[in-house]
Amino acid sequence: FHELHRRRFGHADPDRAVEVLAVRVRASGGAVPPPRHTAPRARGPVPITHARAWFGGRACRTGVVRRCTLGRGWAARGPLVVCEYSATTVVPPGWRLVVDRVGGLLLERGRRG
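Residues numbered from 1 in each chain as written. Predicted model: local features only at pLDDT ≥ 70, side-chain atom pairs only at ≥ 80, totals over all residues. Heavy atoms only, no water.

What follows is about the environment of Val82. With respect to the helices, strands and loops of the structure, Val82 is situated in strand 4 (residues 80-83). Among all residues touching Val82, those that are not within four sequence positions of it are Val65, Arg67, Leu70, Ala87, Thr88, Thr89, Leu97 and Leu105. (Helix = DSSP H or I, 4+ residues; strand = E, 2+ residues; numbered from the N terminus. Contact = heavy atoms within 4.5 Å.)

If you trace the 4 strands from one edge of the open sheet to the other, you get 1-2-4-5, paired in mixed fashion. Two strands close off the open sheet at either side, each with one partner strand: strand 1 (49-55) and strand 5 (88-91). Across the sheet, the mean angle from the axis of one strand to that of its neighbour is 30 degrees, orientation sign disregarded. (Pairing = 2+ DSSP bridges. Axes fitted to C-alpha atoms, helices over the stretch in contact; angles between N-to-C directions.)

This part covers the environment of Val18. Tracing the sequence through the fold places Val18 in the loop between helix 1 (2-9) and strand 1. A relative accessible area of 46% means that Val18 is categorised as partly exposed. Sequence separation between Val18 and Phe1 is 17 residues, and the spatial gap between their C-alpha atoms is 8.1 Å. When neighbours within four sequence positions are excluded, Val18 is seen to be in contact with Phe1 and His2. (Buried < 20%, exposed > 50% of the residue type's maximum accessible area, 1.4 Å probe, protein only.)

With that out of the way, let us pick up the sheet that holds strand 7 (residues 105-109). The 3 strands are arranged 3-6-7 in an open sheet whose pairing can be described as antiparallel. Strand pairing shows two members of the sheet lacking a second neighbour, strand 3 (75-77) and strand 7, which therefore form its edges. Between one strand axis and the next, the sheet turns through 20 degrees on average, direction left out of account. Summarising the sheet, strand 6 (residues 95-99) and strand 7 pair through 5 bridges and their orientation is antiparallel. Within strand 7, the position partnered with Trp95 by the bridge is Arg109.

With respect to the helices, strands and loops of the structure, Asp100 is situated in the loop between strand 6 and strand 7. On the basis of relative accessibility, which here comes to 23%, the residue Asp100 falls in the partly exposed class. Once the C-alpha coordinates of Asp100 and Ala75 are considered, the two residues, 25 residues apart in sequence, prove to be 9.4 Å apart. Ignoring anything within four residues of it in the chain, the contact list for Asp100 reads Arg72 and Leu106. In this structure the side chain of Asp100 is engaged in a polar contact, spanning 3.1 Å, whose partner is the backbone nitrogen of Val102. A polar atom in the side chain of Asp100 sits 2.9 Å from the backbone nitrogen of Gly103. (Polar contact = N/O pair within 3.5 Å; in protein donor to acceptor, adjacent residues only side chain to side chain.)

Given below as structure tokens:
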């Protein structure tokens, strides 16, 4: 490293430790096929509770549901809060949540539920 640094920049300090500050990586490859499994069909979750949540300076009655109860094809309009062990998804008023075929949550703005 120090010899290359000396050749490129005209100076080096071989008594000094080398510190890596940034690494850049470029990768390419083929597209990964989507998962073959599908999530179970929607069972129509019952909200854990309803809570007051503030959106745009206005309090809204908001359903709170567990993510594990949402099956594929399930859809709902916001306001809604989806809880799971590692994340919380907030669906504001005017947005729609749809569970895709593998269980992913898709949010769409301005769609009817």
